[in-house]
Amino acid sequence: MAEPTVRMSGIVLASLMFQHLNSDSDVEGLILGESKFEEQVTISDSQADHIHIEEVYNIQKHIACHKLNSFYNSVGEVDVEAVQKILADNKQESVIGWYRQRRNTDQQMTFREKIVHENLKSSLSNPHMIFVLLTPSKLTSPGSTHRMEYAAFISRSRQFMNVPVLVSNLGLLEQLAYWKVSAPCSAVGYNLTMKKHGSKFFSSNGLLREVNEVNKMNDSLQSELQKACRDVEESERLVETLQADVSALRRRVREKQQSRAGKEPVEDPPEQKNLLLHEAVRALFACSPLFTSQTLTLQAFPVPDVCCDSEQQDQDVSLSDTTAKDQEPVSPLNPGRTNCRKRLRELSVGRERKRRKSKS
Amino acid sequence: MNNMSPEVALHRISPELRPLLCSVVRNGRVGLDSTNCLRVTDLKTGCTSLTPGPCCDRFKLHIPYAGETLKWDIIFNARYPELPPDFIFGEDAEFLPEPSELPHLVQWDAGNPECLLQLVKELIQQYHHYQCQRLRESSRLLFEYDSLLEDPNYGRNMEIYAGRKNSWTGEFSARFLLKLPVDFSNIPVYLLKDTALDPGEDVALLSVSFEDAEATQVFPKLYLSPYALGGSSALHIPAFPSGGCLIDYVPQVCQLLTNKVQYVIQGYHKRREYIAAFLSHFGMGVVEYDAEGFTKLTLLLMWKDFCFLVHVDLPLYFPRDQPTLTFQSVYHFTNSGQLYSQVQKSYPYSPRWDGNEMAKRAKAYFKSFIPQFQEGAFANGKL
């Protein structure tokens, strides 16, 4: 479904109003500009794609007729030669409609206006034409306030419908939308300037130069990314291969050990300790009360710290020597000195450490 | 909307356009309801407010049509008075007549004062065709229209207004306005109190409103011009029969109206005959009588030296309805200071008697009633 809109700059609208204010009767003339039809695709959650056509009529200029009924007769038949004469040096293709201004009448097309509009469409072979109507009137009886209403009409199957007119410089038209097209301008000076300097900004395909450069950079980035992805993939495959080799070698070693030891039970290989992690924890949290165990009395009160003597130390050392696993390096913070009551609990890899509540 | 008299409108219109408007407001009778001229309101100008008047060149024209009033905007240009007018057809935005079928628009002549009026009539004709086309939305109503169209008595004098009763529900309604072919020419002409007012042609219009497309709610109404049969209230028409159609109903109403007209005409002649007979029988006893409508007669009579007045009032539907006799004493007064009188509405009477017989019988009745009246006057009145 087409959604027509008429856009007009404030200058053109003001010029139209000025023309009528200085005339002692109704005025009419031709409207020049350009019309665009764009297909808009909207994707939303409820609908995969919604296609609607936007019809935009940009009014750029108007040509006033010197007198009324100059290009049509009493029954609305259009005289194409008269239209050409009114256009003078302007091109017929730039005619997108006509206008009329009449005081103290309703904002409705009259009988003859409808006939003329249909005939103008067929005479100029342009099925998309607009009719702009301006109707000034007195708002107060003394004439201190006047009202100027304006509207645009298009016809579809001989049905005339009102089309919204957007005046470009009256506030922001689309605050949340991006400008999809630039505001067109038919001024000669503007076109000359664009021709002279345009090549610095635009490439041959009409896009901004920076856009092409960015696209190229994007392509390069994509290729680099793909290259990095390939390298990662290769190294991952290599790692996988090596791991498979290592597993195979280990299996062979185990089998050899088994065959050498006879029917000795094969023990699982000793658990590897993460000695570096262990070292780091001891260095950071050696004195933290959260990581030390406490001895409690029967009343659940902690037994205060007691200074360790060498005997106790030896005992602790001997206790700690009972298992080969419990070999722990001496903390660099407290070398050779351990608390007889408090001692660092051994941290083994993979075992969760339970925290005890401390009263501190 | 500001109502204005034709003179005010003509005074405010631009001088070059005055002749065109003059024929519209003075002679503009269009359509079936031609009792009133076309009306002009909302006179405005297309010139600037600095232009000295009178310079109005656009106005609203009120046109009676099928029981509705069309309000059309007519737009001229005071600076270009030779140009033909343009029109806005009010709420009928879809009405777009074919310009080639408007001869007075094709050959617009600003110098012809009748040009605008003729153009308006042509537009109304086109409007009528447009409304008839809209009847196609209802096959039932289209049948009503087609059947009436075939009858030359009604087809040529018919106006139709088809419109949506409710634009939201889309319920369709239509109104038929028919001019009934009844001859009122033999109805006696009455003198008017205001001789400047022209009552216009006597006309009987039948309006039938269909409130729905299936013709289940039909409301007929008869409009009589003021001087025909005493106005619309004088005649009651039958209700539209359920399941009936206009081609049967309209002739029925027409016949009823024709009979009534005949009755009124005959009643007039009968009254004239009655008065003539009383004049003949009572001669010098006649004090005065209605020499135009023959509805009243006053006699001054004497019986055994007792003088009394007899006022005879003849009703509209005489001789079907009996005349009223009012006996009045010339001697006796009532307490309120009026002459003592007695009204007699039932006495020997027959509508089949001719005037002569009625006069004779009345005379005989007077003789029989007067003694009783005299007694009453003496008993209840005071000298």
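No experiment lies behind these values; they were computed from the predicted model shown.

Colleague: What's the story with the interface of chain B and chain A in this structure? I'm lost.
Modeller: Size of an interface, as often reported, equals the accessible area lost when the parts are brought together. Opposite the 30 residues of chain B that make contact, chain A presents 28 residues. Taking both partners together, chain B and chain A bury about 2,400 Å²; carbon and sulfur atoms supply 55% of that area. For the chain B face of the interface with chain A, the top three residues by lost area are B:Asp86, B:Ile88 and B:Leu96, together amounting to 23%. The tally of links from chain B across to chain A stands at three salt bridges. The partner of A:Asp26 in a salt bridge is B:Arg58, and the shortest N-O contact between them spans 3.0 Å. Linking chain B to chain A there are 15 residue pairs in polar contact (both at pLDDT 80 or more). At the level of elements, strand 2 (58-65), strand 3 (68-75), strand 4 (86-88) and helix 3 (103-106) of chain B are the ones that each hand at least two residues to the side of chain B that touches chain A. For the side of chain B that touches chain A, the leading source of residues is strand 4 of chain B, giving three residues. Split into classes, the residues belonging to the side of chain B that touches chain A amount to 16 nonpolar, seven polar and seven charged.

Colleague: It is not clear to me how the environment of B:Glu137 should be interpreted in this structure. Could you clarify?
Modeller: Here B:Glu137 is to be found in the loop between helix 4 (115-134) and helix 5 (139-150). Counting along the chain gives 25 residues from B:Glu137 to B:Ala162, while the straight-line C-alpha distance between them is 9.5 Å.

Colleague: Sorry, what's going on with the sheet that holds strand 13 (residues 339-344) of chain B here?
Modeller: Sheets are built from strands that pair by backbone hydrogen bonding, the pairs being arranged parallel or antiparallel. Residues and elements named next belong to chain B. The five strands lie next to each other as 9-10-11-12-13, forming an open sheet whose pairing is antiparallel. Whereas interior strands pair on both sides, the edge strands pair on one side only; in this sheet they are strand 9 (286-289) and strand 13. Within this sheet the neighbouring strands show an average axis-to-axis angle of 20 degrees, counted without direction. With six bridges joining them, strand 11 (residues 306-313) and strand 12 (residues 324-333) adopt antiparallel strand pairing.

Colleague: Just checking my understanding: could you explain the pattern of salt bridges for this structure?
Modeller: Two side chains bearing opposite charge may form a pair once their charged atoms approach each other closely. Per the counting criterion, the structure on display carries 19 salt bridges over all chains. Between A:Arg237 and A:Glu233 there is a salt bridge, with its nearest N and O atoms 2.7 Å apart. Of this pair, A:Arg237 and A:Glu233 both sit in helix 5 (residues 209-261), four residues apart, which is roughly one turn of the helix. Owing to a relative accessible area of 40%, A:Glu233 belongs among the partly exposed residues under this scheme. Across the pair B:Arg26 and B:Glu7 runs a salt bridge, and its minimum N-O distance is 3.0 Å. With a gap of 19 residues between them, B:Arg26 in helix 2 (residues 18-27) and B:Glu7 in helix 1 (residues 6-12) connect regions that are remote in the sequence.

Colleague: In this structure, what is going on with the nonpolar core? I would like to understand it.
Modeller: One broad rule of soluble globular proteins: the nonpolar side chains tend to lie buried together. Within the largest apolar cluster, 46 residues are counted, with the highest numbers of intra-cluster contacts made by B:Phe59, B:Ile63, B:Trp72 and B:Leu116. Every element with two or more residues in this core is listed here: helix 3 (111-123) of chain A together with helix 1, helix 2, strand 1 (39-44), strand 2, strand 3 and helix 4 of chain B. When residues of this core are assigned to domains, at least three map to each of domain 1 (1-135) and domain 2 (137-186 + 202-257) of chain B. The next biggest cluster of nonpolar side chains, apart from the first, holds 37 residues, and it includes B:Tyr154, B:Leu224, B:Phe240 and B:Leu257.

Colleague: Even after reading the chapter, I still don't get the packing of helix 7 (residues 246-282) of chain B against helix 8 (residues 355-380) of chain B, so can you show me in this structure?
Modeller: Working note: a packed helix pair is described by the angle between its axes plus the distance between those axes. Residues and elements named next belong to chain B. Look at helix 7 against helix 8: their axes get within 8 Å of each other, and the N-to-C directions meet at 50 degrees. In this view, helix 7 runs oblique relative to helix 8, as classed from their interaxial angle. For the pair helix 7 and helix 8, the crossing hand works out as right-handed. Listed contacts from helix 8 to Glu273, Tyr274, Ala277, Phe278, His281 and Phe282 of helix 7 are Gly355, Asn356, Met358, Ala359, Lys360, Ala362, Lys363 and Phe366.

Colleague: Honestly, the confidence of the model for chain B in this entry has me stumped. Any pointers?
Modeller: Low pLDDT marks stretches whose predicted atomic positions should not be read closely. Residue and element names in this part refer to chain B. Chain-level statistics for chain B give a pLDDT mean of 86 and a share of 90% at 70 or above. Mean pLDDT values over the elements of chain B span from 77, in strand 5 (residues 158-166), up to 96, in strand 4. Scored below 50 in pLDDT, residues 191-196 shows four contacts in the model against residues more than four places distant or in partner chains. For this predicted complex, the interface confidence comes out at an ipTM of 0.76, alongside a pTM of 0.66.

Colleague: Explain helix 6 (residues 275-285) of chain A here, please?
Modeller: Note that an α-helix has 3.6 residues per turn; residues three or four places apart therefore point the same way. Residues and elements named next belong to chain A. Taken together, the buried positions of helix 6 are His278, Val281 and Arg282. Relative to the axis of helix 6, the buried residues are bounded by an arc of 100 degrees and lie together on one face. For helix 6, the exposed residues lying more than 90 degrees away from the buried face are Leu276, Leu277 and Leu284.

Colleague: What is the right way to look at empty space enclosed by the protein in this model?
Modeller: Over the atoms a probe the size of a water molecule is rolled, and this reveals where empty space is left. All chains considered together, the criterion is met by three cavities of 30 Å³ or more. In terms of lining residues, the second largest cavity is bounded by 13 residues, among which A:Asn69, A:Tyr72, A:Arg100, A:Arg112 and B:Asp86 are the most central. Contributions of two or more residues to the lining of the second largest cavity are made by strand 4 (95-101) and helix 3 of chain A. Of the residues forming the lining of the second largest cavity, the biggest block, three residues, is contributed by helix 3 of chain A. Residues that form the lining of the second largest cavity fall into these classes: seven nonpolar, two polar and four charged.

Reading the values: rules and limits
- Residues numbered from 1 in each chain as written.
- Chains lettered and ligands numbered in written order.
- Predicted model: local features only at pLDDT ≥ 70, side-chain atom pairs only at ≥ 80, totals over all residues.
- Heavy atoms only, no water.
- Contact = heavy atoms within 4.5 Å.
- Buried area = accessible area lost by both parts, 1.4 Å probe.
- Salt bridge = Lys/Arg side-chain N within 4 Å of Asp/Glu carboxyl O.
- Polar contact = N/O pair within 3.5 Å; in protein donor to acceptor, adjacent residues only side chain to side chain.
- Helix = DSSP H or I, 4+ residues; strand = E, 2+ residues; numbered from the N terminus.
- Nonpolar A, V, L, I, M, F, W, Y, C, P; charged D, E, K, R; others polar.
- Pairing = 2+ DSSP bridges.
- Axes fitted to C-alpha atoms, helices over the stretch in contact; angles between N-to-C directions.
- Buried < 20%, exposed > 50% of the residue type's maximum accessible area, 1.4 Å probe, protein only.
- Core = buried A, V, L, I, M, F, W, Y, C linked by side-chain atoms within 4.5 Å.
- Domains from an automatic or database assignment.
- Parallel < 35°, antiparallel > 145°, perpendicular 65-115°, else oblique.
- Left-handed = near helix turned anticlockwise from the far one by under 90°.
- pLDDT = per-residue confidence, 0-100.
- Arc of directions from axis to C-beta.
- 1 Å grid on protein atoms, 1.4 Å probe; cavity = no way out; pocket = protein on both sides within 12 Å on 5 of 7 lines; lining within 4 Å.
- Points joined across faces, edges and corners; volume = space filled by probe spheres on them.

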